Amino acid sequence: MSLQEKLQISGNVTFVGVTIVFLVLLLLIVVIGISARIIRGFVKPPESGANEGPDQEYLVSEEDETWEGNNAVLIEQDGEEDPAIIAVIMAAITACMGTASGFRLNAIRRIENKVPAWNRSGRNEYLATRL
Amino acid sequence: MWSVFFESIKEMSLKSGIANMTPLHLLMLAIAGFFIYLSIRRGFEPLLLLPIAFGMLLANLPLGNMMHPVIWDHIKELQFADLFNGDKFGLLDILYLGVKLGVYPPLIFLGIGAMTDFGPLIANPKSLILGAAAQIGIFFTFFGAMMLGFNPQEAGAIAIIGGADGPTAIFTTTKLAPHLLGPIALAAYSYMALVPVIQPPIMRLMTTKKERAVVMEQLRPVSKIEKIIFPIVVTVIVSLIIPDATPLVGMLMLGNLFRESGVVARLSETSQNALINIITMFLGISVGATASAEKLAQPGYGIQALKIIVLGMAAFALCTATGVLFGKILYWVTGGKVNPLIGSAGVSAVPMAARVSQKVGQEENPGNFLLMHAMGPNVAGVIGSAVAAGVLISMLGG
């Protein structure tokens, strides 16, 4: 095969190949875009943060007026809280404070979490590499 | 009596593998051992490299009669009775039928489809541009392979290595240049394993600090119905335009439909676990067995294999570069909203290429999480490389 023939075949395959690949994928972009618009016209999109759990007070402790002198959390149980989680949070706070006295934990509230799930996952993965 | 005994021992030793071992067999066994080392000790794509390497080892044990790749290169019509002729065909020859007939790669794609979430791509369809851009390198490599003396079919099979998709590379090679299957498959899977080594320098070279630090906007949520419609639409469109891509794209999208429909959990589970694992074993071991000493003894085969390794690297680098280049174009067009690093994920290699984008992005900004943004081009690359393979088969196939 001469150099000219090689160049001709290579040029032809490259030009046609790149063109078709781009055309097909551009067509897919258009079709996906159109179908997404149509679908969104019929289906109500999920509300932002709908799957993030209720923005509610997770745990409320009531200050016992008769109680003083230690940091035990007073819990108003509504049947949902896991005492183990409360214990872990308390332990973490104690570890951060460096002391188990001089403060009182009144409530643990879940704050609204707007960080996307994949972002949290990525962050956890990143943290895991630093452990 | 002793003379008969020694005669028998002598006769048996002459029929042993040791007596029939040639330097080429030893070389191939050493290469097989090296790949086993890479897969186990270095963790280079062990799921495929380990069976490939062991298949290579089995095929290069003299007189083992496990595989006859030279026969497969020249076979035109297979007589069914031949399959039961133990002297002519071995166990790996039988397993190789799945490669030869193009059965295994589409079945692997079925499993990949069942494992893939196309949500990021549906949420940001522009990712498909990056999936297409990363395929440009394939065609540039085709040009290089032609200049290095390969015929058009061989050049097409070598160029597809740049797509960084093992099953696609194997599928294309069996259609265009089956005699080069061993080195092409090995190059494809080796370079896929080297994605974290090959890509970052190219990505850093082609982007500025400012570009690498771009934080992209949150993707929109994708509804279930969009995810169900997507595989059907892609199958119909791609298959109608490029019928040769149907086996790969069709199976990929069937697996994805299993996953997203939610009504065939057992089929989805089987596709992404048991089935893909079984096929991976058969594919790996039979592809590895095509790299035999007999083939290496063929004039010019060794040089061809070396050229393929070099061209494969070039293909991979070019595909990465064109992906990043189009990422930069999107960066400029969108006024800095797209991080060009996600362009490199347009080569398939799911999800490793996306992880590389994430890692390089975090070097500039540890709080930047590009993973899901890069998954869009990454899964688009799977579709793009299948389309490119279909184009090459269509243009160059017999």
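Cut-offs applied
- Residues numbered from 1 in each chain as written.
- Chains lettered and ligands numbered in written order.
- Predicted model: local features only at pLDDT ≥ 70, side-chain atom pairs only at ≥ 80, totals over all residues.
- Heavy atoms only, no water.
- Helix = DSSP H or I, 4+ residues; strand = E, 2+ residues; numbered from the N terminus.
- Buried < 20%, exposed > 50% of the residue type's maximum accessible area, 1.4 Å probe, protein only.
- Contact = heavy atoms within 4.5 Å.
- Salt bridge = Lys/Arg side-chain N within 4 Å of Asp/Glu carboxyl O.
- Polar contact = N/O pair within 3.5 Å; in protein donor to acceptor, adjacent residues only side chain to side chain.
- Axes fitted to C-alpha atoms, helices over the stretch in contact; angles between N-to-C directions.
- Left-handed = near helix turned anticlockwise from the far one by under 90°.
- Nonpolar A, V, L, I, M, F, W, Y, C, P; charged D, E, K, R; others polar.
- Expected span 1.5 Å × (residues − 1).
- pLDDT = per-residue confidence, 0-100.
- Phe/Tyr/Trp six-rings, centres within 6.5 Å; stacked < 30°, edge-to-face > 60°.
- Lys NZ or Arg CZ within 6 Å of the ring centre and 35° of its normal.
- Patch = residues over 30% accessible without salt bridge, like charges linked within 9 Å, V, L, I, M, F, W, Y side chains within 5 Å.
- Areas by Shrake-Rupley, 256 points an atom, 1.4 Å probe, with all protein chains shown as cover.
- Parallel < 35°, antiparallel > 145°, perpendicular 65-115°, else oblique.
- Core = buried A, V, L, I, M, F, W, Y, C linked by side-chain atoms within 4.5 Å.

S.K.: Help me out: how do you make sense of the overall build of chain A in this one?
M.R.: When its secondary structure is counted, chain A shows three helices and two strands. In chain A, the order of α-helices and β-strands from amino to carboxyl end is α-β-α-β-α. Counting across all 131 residues of chain A, residues that qualify as buried make up 24%. The contacts in chain A between residues at least 6 apart in sequence include a share of 52% that link residues at least 24 apart.

S.K.: Please explain the pattern of salt bridges as it appears in this structure.
M.R.: Pairing between side chains of opposite charge can happen when their charged atoms approach one another. Residue and element names in this part refer to chain B. Counted according to the given criterion, the structure contains six salt bridges over all chains. Residue K227 is joined to D117 by a salt bridge in which the shortest nitrogen-to-oxygen separation is 3.3 Å. In this pair, K227 is assigned in helix α15 (residues 224-241) and D117 in the loop between α6 (104-115) and α7 (119-123), connecting sequence segments 110 residues apart. For K227, a relative accessible area of 18% corresponds to the buried category. Across the pair K328 and E211 runs a salt bridge whose closest N-O atoms are separated by 2.8 Å. Here K328 is found in helix α19 (residues 301-333), whereas its partner E211 is found in helix α14 (residues 209-212), with 117 residues between them in sequence.

S.K.: Help me out: how do you make sense of unusual backbone geometry in this one?
M.R.: Peptide bonds are trans in most cases, and residues, glycine excluded, mostly fall at negative phi. Residues and elements named next belong to chain B. A cis amide bond links V350 to the next residue, P351, at an omega of -5 degrees. Relative to the helices and strands, P351 resides in the loop between α19 and α20 (352-364). At L63, a position not held by glycine, the phi torsion is positive, near 70 degrees. Along the chain, L63 turns up in the loop between α3 (46-59) and α4 (69-74). A positive phi angle, near 55 degrees, is found at A164, a position not held by glycine. Among the secondary structure elements, A164 is positioned in the loop between α10 (152-159) and α11 (166-176).

S.K.: Looking at this structure, I do not really get the side chain of S261 of chain B. What am I missing?
M.R.: All names here are of chain B. Along the polypeptide, S261 turns up in helix α16 (residues 246-261). Of the residues examined, S261 reaches a relative accessible area of 15% and is grouped as buried. Polar side-chain contacts of S261 include one of 3.3 Å to the backbone oxygen of F258. Apart from residues no more than four positions distant in its own chain, S261 is found in contact with K224 and I228.

S.K.: How do you make sense of the packing of α6 of chain B against helix α17 (residues 265-288) of chain B when you look at a structure like this?
M.R.: Two packed helices can be described by the angle between their axes and the distance between those axes. Residues and elements named next belong to chain B. Running from amino to carboxyl end, α6 crosses α17 at an angle of 145 degrees, the nearest separation of the two axes being 8 Å. Read as a crossing pair, α6 and α17 show a hand that is left-handed. Judged by residue contacts, Y104, P105, L107, I108, L110, G111, I112, A114 and M115 of α6 engage S268, S271, Q272, L275, I276, I279, T280, F282, L283 and S286 from α17. Classifying every residue of the contact of α6 with α17 by side-chain character gives 13 nonpolar, six polar and no charged.

S.K.: Explain α6 of chain B here, please?
M.R.: Residues and elements named next belong to chain B. The end-to-end C-alpha separation of α6 is 17 Å, in line with the 16 Å expected for 12 residues at 1.5 Å each. Across the 12 residues of α6, nine count as buried, placing the element largely inside the fold. At its buried positions, α6 is contacted by α5 (91-100), α11, α16, α17 and α21 (371-396).

S.K.: Just to check I follow, could you spell out the interface of chain B and chain A for this structure?
M.R.: You'll often see interface size given as the accessible area lost when the parts meet. Taken together, the contact pairs 46 residues of chain B with 34 residues of chain A. On inspection of chain B and its partner chain A, the count reaches zero salt bridges. Between the two partners, chain B and chain A, sit two residue pairs in polar contact (both at pLDDT 80 or more). At the level of secondary structure, the elements contributing two or more residues to the side of chain B that touches chain A comprise α8 (127-133), α9 (136-147), α15 and α21 of chain B. For the side of chain B that touches chain A, the element with the highest residue contribution is α21 of chain B, accounting for 10 residues.

S.K.: Help me out: how do you make sense of the confidence of the model for chain A in this one?
M.R.: In low-pLDDT regions, the fine details of the predicted coordinates are not to be read closely. All names here are of chain A. With 67% of its residues at a pLDDT of 70 or more, chain A has an overall mean of 72. Across chain A, the element-wise mean pLDDT spans from 41 in strand β1 (residues 59-60) up to 91 in helix α1 (residues 3-42). Throughout residues 49-77 the model reports pLDDT below 50, and contacts reaching past four residues in sequence, or to other chains, amount to 54 contacts.

S.K.: When you look at the packing of aromatic side chains in this model, what are you seeing that I'm missing?
M.R.: The way to describe two aromatic rings as a pair is by their centre distance and the angle between their planes. Residues and elements named next belong to chain B. Taken as a whole, this structure holds eight aromatic pairs over all chains when the rule is applied. Residues Y191 and F316 carry aromatic rings whose centres are separated by 6.4 Å and whose planes lie at 50 degrees to one another, so their mutual orientation is tilted. One end of the pair, Y191, is in helix α12 (residues 181-193); the other, F316, is in helix α19, and 125 residues separate them in sequence. Both residues of the pair, Y191 and F316, belong to the buried class. Residue placement shows K307 over the ring face of F150; its charged tip is 5.7 Å from the ring centre.

S.K.: What's the story with a nonpolar patch on the surface in this structure? I'm lost.
M.R.: A cluster of nonpolar residues, L27 of chain A together with I232, V236, L240 and I241 of chain B, forms a patch on the protein surface that exposes about 450 Å² of accessible area. Ranked by residues supplied to the nonpolar patch, first place goes to α15 of chain B with four residues. Within the secondary structure, L240 of chain B is located in helix α15.

S.K.: Any chance you could explain the packing of helix α13 (residues 195-206) of chain B against α19 of chain B here in plain terms?
M.R.: All names here are of chain B. The contact between α13 and α19 brings their axes to 10 Å, and the two run at 40 degrees. It follows that α13 is oblique to α19 by the angle criterion. Judged by the twist between their axes, the crossing of α13 over α19 is right-handed. The segment α13 lies against α19, with V195, I198, Q199, I202, M203 and M206 engaging M313, F316, A317, T320, A321, V324, L325 and K328. Taken together, the residues of the contact of α13 with α19 sort by class into 11 nonpolar, two polar and one charged.

S.K.: Could you clarify how one ought to interpret α12 of chain B in this entry?
M.R.: Quick reminder: α-helices carry 3.6 residues per turn. Residues three or four places apart thus point the same way. Its 13 residues give α12 of chain B an end-to-end C-alpha distance of 18 Å, which sits within 8% of 18 Å, the value for a rise of 1.5 Å per residue. Most of α12 of chain B sits out of view: 13 of its 13 residues are buried.

S.K.: Mind showing me how you'd approach the nonpolar core here?
M.R.: Membership of the largest hydrophobic core comes to 133 residues, with the highest contact counts inside it found for F118, F230, L283 and I383 of chain B. In terms of residue count, α21 of chain B provides more of this core than any other element does, 14 residues in total. In contact with I383 of chain B, not counting residues within four places along its chain, are L25 and L28 of chain A together with F118, L121, F230, V234, L252 and M253 of chain B. The next biggest cluster of nonpolar side chains, apart from the first, holds five residues, and it includes I86, M90, F103 and I108 of chain A.

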